[in-house]
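Observations on chain architecture
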Amino acid sequence: MATSTAENNPLLDLSPQDLRAHTAEALTRARARSTALTDAVDDEDLVRQHSKLMSPLVWDLAHIGSQEELWLVRDVGGREPLRPDLDEIYDAFMHARADRPGLPLLGPADARAYVREVRDKTFDVLERSPLDDGNALQRNAFAFGMITQHEQQHDETMLATHQLRRGEPVLHAPSPPPRRAGALPAEVVVPAGAFVMGTTAEPWALDNERPAHETPVDAFAIDTTPVTNGAYLEFLDGDGYTDPRWWSEEGWAYRNEHDIVAPRFWRREGGQWWRVRFGVHERIPEDEPVVHVSFHEAAAYAAWAGKRLPTEAEWEKAARFDPVSGRSRRFPWGDEEPTAEHANLGQRHLRPAPVGAYPAGASPLGVHQLIGDVWEWTSSDFHGYPGFRAFPYREYSEVFFGPGYKVLRGGSFGTDAAAIRGTFRNWDYPIRRQIFAGFRCARDLTAGERA
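Residues numbered from 1 in each chain as written. Predicted model: local features only at pLDDT ≥ 70, side-chain atom pairs only at ≥ 80, totals over all residues. Heavy atoms only, no water.

**As for the side chain of R20**
What counts is decided by this rule: Strands here are runs of E lasting at least two residues and helices are runs of H or I lasting at least four, both read from the DSSP assignment and numbered beginning at the N terminus. Only protein chains enter the accessibility calculation, which uses a 1.4 Å probe; a residue is then buried when its area is under 20% of its type maximum, exposed when over 50%, and partly exposed in between. Residues scored as positive are Lys and Arg, those scored as negative are Asp and Glu, and His as well as the terminal groups of each chain are ignored. By salt bridge we mean one thing: a side-chain nitrogen of Lys or Arg within 4 Å of a carboxyl oxygen of Asp or Glu. Whenever a nitrogen or oxygen atom comes within 3.5 Å of another N or O atom, the pair is scored as a polar contact, on the condition that within protein one atom can donate a hydrogen and the other can accept it, and that pairs from neighbouring residues in sequence are kept only if both atoms are in side chains.
Along the chain, R20 turns up in helix α1 (residues 16–39). Despite being buried, R20 has no salt bridge partner; E127 is the closest side chain of opposite charge, sitting 5.1 Å away. Engagement of the side chain of R20 in a polar contact is seen with the backbone oxygen of E127, the distance being 3.4 Å.

**Things to note about the pairing of strand β6 (residues 272–277)**
The side chains of a regular strand alternate, residue by residue, between the two faces of the sheet. As a reminder of what qualifies: Any two strands are treated as partners once DSSP identifies two or more bridges connecting them.
Every second residue of β6 is oriented toward a common face, the buried set being W273, R275 and R277 and the non-buried set Q272, W274 and V276. For strand β5 (residues 266–269) and β6, the ladder comprises 4 bridges, and the chain directions are antiparallel. By the bridge assignment, R267 is partnered in β6 with W274. The antiparallel hairpin formed by β5 and β6 contains 2 residues in its connecting segment, where G270 sits at a positive phi of about 60°. Sheet analysis places β6 next to strand β7 (residues 280–283), joined by 4 bridges and oriented antiparallel. The residue bridging R277 from the neighbouring strand is V280, located in β7. Counting the residues that bridge the hairpin from β6 to β7 gives 2 residues, and of these F278 lies at a positive phi of roughly 50°.

**Quick look at the sheet that holds strand β4 (residues 220–223)**
Inclusion rule: Every axis corresponds to a line fitted to the C-alpha atoms, with the helix fit spanning only the stretch in contact, and the corresponding angles, defined between N-to-C directions, vary from 0 to 180 degrees.
In space, the 3 strands of this open sheet follow the order β1-β4-β12, with antiparallel pairing throughout. Edge strands, defined here as strands with exactly one partner in the open sheet, are β1 (187–190) and β12 (442–444). Neighbouring strand axes in the sheet, compared pairwise and without regard to direction, differ in orientation by 25° on average. Pairing of β1 with β4 involves 4 bridges; the strand directions are antiparallel. Each residue of the ladder has a partner; that of V189, found in β4, is A221.

**Some details on the UniProt feature "domain: DinB-like" (unreviewed entry) in the protein chain**
We apply this condition: UniProt positions are given in the numbering used here, feature names are shortened, and annotations may be inferred rather than shown by experiment.
On the UniProt side, "domain: DinB-like" (unreviewed entry) is annotated at positions that read residues 26–158 here. The span residues 26–158 carries 58% helix and 0% strand; its end-to-end C-alpha distance comes to 18 Å.

**Considerations on α1**
Definition in use: Here the expected span of a helix is defined as 1.5 Å times the quantity of residues minus one. Between two residues, a contact is recorded if the distance between any of their heavy atoms is within 4.5 Å.
If you check α1, its first and last C-alpha atoms are 34 Å apart, about what 24 residues at 1.5 Å a residue would give, namely 34 Å. Here α1 has its buried residues at L19, R20, T23, A26, L27, A30, R31, R33, S34, L37 and T38. Structurally, α1 contributes buried residues whose contacts are with α2 (43–47), α3 (57–76), α4 (108–128) and α5 (142–164).

**As for the pattern of salt bridges**
Using the criterion set out here, one finds 45 salt bridges in the structure. With a closest N to O distance of 3.7 Å, R112 and D43 form a salt bridge. Pair noted here: R112 is in helix α4 and D43 is in helix α2, with a separation of 69 residues, a long-range link. With relative accessibility at 21%, the residue R112 sits in the partly exposed group. You can call D43 partly exposed: its relative accessible area is 43%. The residue R119 makes a salt bridge to E68 at a minimum N-O spacing of 2.8 Å. Of this pair, R119 sits in helix α4 while E68 sits in helix α3; the two residues are 51 residues apart in sequence, bridging distant segments of the chain. Exposure remark for R119: the relative accessible area of 5% places this residue in the buried category. Judged by its relative accessible area of 1%, E68 is buried.

**Overview of unusual backbone geometry**
The step from R210 to P211 runs through a cis peptide bond, and the omega angle for that step is -10°. Along the chain, the position of P211 falls in the loop between β2 (193–197) and β3 (213–217). Cis geometry marks the peptide bond from F391 to P392, where omega comes out at -5°. Even without being glycine, D259 reaches a positive phi, approximately 50°. Summarising the element assignment, D259 is placed in the loop between α7 (249–257) and β5. Backbone geometry at Q347 places phi at a positive 60°, although glycine is not the residue there. Relative to the helices and strands, Q347 is located in the loop between α9 (312–320) and β8 (375–382). For Q347, a relative accessible area of 17% puts it in the buried group.

**Brief notes about the side chain of S397**
Looking at the element boundaries, S397 is found in the loop between β8 and β9 (402–409). Judged by relative accessible area, which is 0%, S397 ranks as buried. A polar atom in the side chain of S397 sits 2.6 Å from the side chain of D207. In this view, S397 contacts D207, N208, F382, F388 and W427; residues no more than four positions away in its chain are not counted.

What follows is the structure in structure tokens.
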């Protein structure tokens, strides 16, 4: 049986002192991003609910601090609670997003002061924690990594709130790199056979990524790149949104109920398609991956194209499997952490990059841009792997298992490198369109192709 590449994570080779420094840097980078996202708007914008799909930005900020206090200050650190009165207010399971503006939330100044105080205590706990094998939360700084990922996930949520915000642009970033790859095939064939899916030893992997397990996959073909705006325009202009043949019954009902005629934030004007992107009105760039489409739209496009969405196992095999060594990599390009040459991550750019922009990030089989740019819908429902064990709490993953959620893979331009890897699993309702989600297609091989 092939072995998981989690053992090749450089985090496992760090001394306790270097691990503390690495963890402190990851926490600091996350906080800098949270600060930038909340400082970009005035206090009136911070407390406003820009969409009932999202919380006010000030709720996300204080929620970040509340979770950090619960897990790092109280649990790992064993310290006295700072603000136990906030526990219920910032419990995401007790209050729907639409209801959060009516709660007695901390105001902007108090929220900022609270998260600063929590962070000061967190750094003190980190300095004193042994980070050894005696405690699963402390081992390899797991709890600190979990909270780092939690903050970065809420940073991406806050970025999505900025996309829903109306008004002049307040976020700015340079354009992504242009296409740097040469001519690429439309699709890549992934050979049949088992591969190691998931991870057991990746230090900061979350419970739904565990454990590593051998998974058989039939041979299939997968698109070399995500579906572009240009390709999606062909579907749109070819009556893809008005022909029920391409839609599931559930998807067609949703499309009709909400009068969906294009990806979210698109509009037709003067014979051209335009979009709004963080307050900027611009023509649709045809060479970028399409974004802000639901699972239902992605599945309809795939059916129209004579294909389908990949399963989660197919996506991960295309991303991680190295046919030469027979092992699964941490990332498509290898085991090293992502850099600006590998992938469009971390809000470095406020848009997906053109397809072919990251040849250094391709998988061994030649599949491009599997990490970053856009989350990719798969056809799979969200469930636990064989041998799944909820840790450290059921509400992170287990309560979402079932047919109500579809799995997304790969991260987006708004996902930080600390919160993505080849095994990372995201999930959401199949109707979601405000998230930075796109897709790529797959298909079964014909008998002649399998021969």
